[in-house]
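This is what each chain is made of:
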Amino acid sequence: MATTNWLMSSPSVLLHRSGNNPRLAFASRKNQSLSKSRVSFLGHAKRRLPPVVLSMAAMEDSGEGAVKSVLPGNGISIMVNGCTGKMGKAVIKAADSAGVNIVPTSFGSAAEAGQTVEVCGKEITVYGPTEREEVLASVFEKHPELIVVDYTIPTAVNDNAELYSKVGVPFVMGTTGGDRNKLYETVEKARIYAVISPQMGKQVVAFLAAMEIMAEQFPGAFSGYSLEVMESHQASKLDASGTAKAVISCFQELGVSYDMDEIQLIRDPKQQVEMVGVPEEHVSGHAFHLYHLTSPDETVSFEFQHNVCGRSIYAEGTVDAVLFLAKKIRLKADQRIYNMIDVLREGNMR
């Protein structure tokens, strides 16, 4: 006979798991206040999507020749900065599987300088901060269709963007954090091509886009509802998920009162396995999110959940972003800065 497990994750929130069902159910509500700031997934200059954006059809004549010319292996090279990290390695593996040329050069910290990292049978040399500009300029000269992929650390975001802009190299920024306004200003001033996105998982991005459309078209639809949010990530992630904050912002526009500080961060591996249902092999790399809404009289509830194990969804999305950006460069598109919603709207994903 199945047993019922009750665990207290915080003084005011009781989490319930019945039997072997890994899904969490929230058994209480908290007093919540409306957050003052709107977190938009769309990044810098907030853009609203037209009502018909649910169609994945291309929004312009994308040029058949250009599409064919950016197929993997046709002249495009990528340099993955942060190749010593798990995300950097995952991107290299995905790009290699897609036939994209991997430049055997990467940037890292001063402590990592001189190291050689082997990924997919390729030996990649890591260079430190003092050599970056000279090395990048040399690589760009040798590979004129180079696109840099950045999965470094938040504190390096702005310095790296300034370097890419100075040399004139297009890039895909998957690293979160840093001064995002300054990041966009740097790229806009340099007039280089870039995909900047805090979330590279295509399906998660589609969910976020749908949430923003709903928030725009049906403001106040969930007025009076209470919201509980749980997100579980590997223990190394100390801050709250940017994706969760973007989803919560949409719920706030839909009329829900919620404070970002109320997000339940689950980082203990034991709780993640026993309470959340994270497979043990993915404790070191996962993203489980649960959003639970309850009506004022508690007779109606809604639940949104997305669980990601591993990093392949982000790596595959990054490769799609690279191919998308390469096509825009070859088309000499007027728009220079893009996000993953732009990649989705293009409709040319693998």
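That block above? That's the structure.
The present account deals with the structure reproduced in this document. These figures come from a predicted structure and were not determined experimentally.

In total, this model carries ten salt bridges according to the counting rule given. A salt bridge links Lys270 to Glu274, with the nearest nitrogen and oxygen atoms 2.9 Å apart. Here Glu274 and Lys270 lie together in helix 8 (residues 269-276), a separation of four residues that amounts to about one turn. The residue Glu346 makes a salt bridge to Lys328 at a minimum N-O spacing of 3.3 Å. Residue Glu346 is found in helix 10 (residues 340-346), and its partner Lys328 is found in helix 9 (residues 312-331); the two are separated by 18 residues along the sequence.

Even without glycine at this site, Cys120 takes up a positive phi of about 55 degrees. Following the sequence through the fold, Cys120 ends up in the loop between strand 7 (116-119) and strand 8 (122-127). Positive phi values are uncommon outside glycine, yet Glu298 reaches one of about 65 degrees. Within the secondary structure, Glu298 sits in the loop between strand 14 (286-294) and strand 15 (301-309).

Two numbers describe how helix 4 (residues 157-167) lies on helix 5 (residues 180-190): the axes approach to 9 Å, and their chain directions differ by 0 degrees. Relative to helix 5, helix 4 is oriented roughly parallel. Facing Val157, Asn158, Ala161, Glu162 and Ser165 of helix 4, the residues of helix 5 in contact are Arg180, Lys182, Leu183, Thr186, Val187 and Ala190. Here the contact of helix 4 with helix 5 is composed, by residue class, of five nonpolar, three polar and three charged.

What follows deals with the packing of aromatic side chains. In this structure the tally under the stated criterion is eight aromatic pairs. Note on Phe207 and Phe304: the rings are 6.4 Å apart at their centroids and 40 degrees apart in plane angle, and the pair reads as tilted. With Phe207 in helix 6 (residues 202-217) and Phe304 in strand 15, this pair connects stretches of sequence that are 97 residues apart. Ring centres of Phe251 and Tyr291 lie 6.2 Å apart, and the angle between their planes is 50 degrees; on these two criteria the pair is classed as tilted. Here Phe251 is found in helix 7 (residues 242-253), whereas its partner Tyr291 is found in strand 14, with 40 residues between them in sequence. Accessibility assignment for this pair places Phe251 and Tyr291 in one class, buried. Grouping aromatic residues by their ring pairs yields a cluster made of Phe207, Phe251, Tyr291 and Phe304.

About the thresholds
- Residues numbered from 1 in each chain as written.
- Predicted model: local features only at pLDDT ≥ 70, side-chain atom pairs only at ≥ 80, totals over all residues.
- Heavy atoms only, no water.
- Salt bridge = Lys/Arg side-chain N within 4 Å of Asp/Glu carboxyl O.
- Helix = DSSP H or I, 4+ residues; strand = E, 2+ residues; numbered from the N terminus.
- Axes fitted to C-alpha atoms, helices over the stretch in contact; angles between N-to-C directions.
- Parallel < 35°, antiparallel > 145°, perpendicular 65-115°, else oblique.
- Contact = heavy atoms within 4.5 Å.
- Nonpolar A, V, L, I, M, F, W, Y, C, P; charged D, E, K, R; others polar.
- Phe/Tyr/Trp six-rings, centres within 6.5 Å; stacked < 30°, edge-to-face > 60°.
- Buried < 20%, exposed > 50% of the residue type's maximum accessible area, 1.4 Å probe, protein only.

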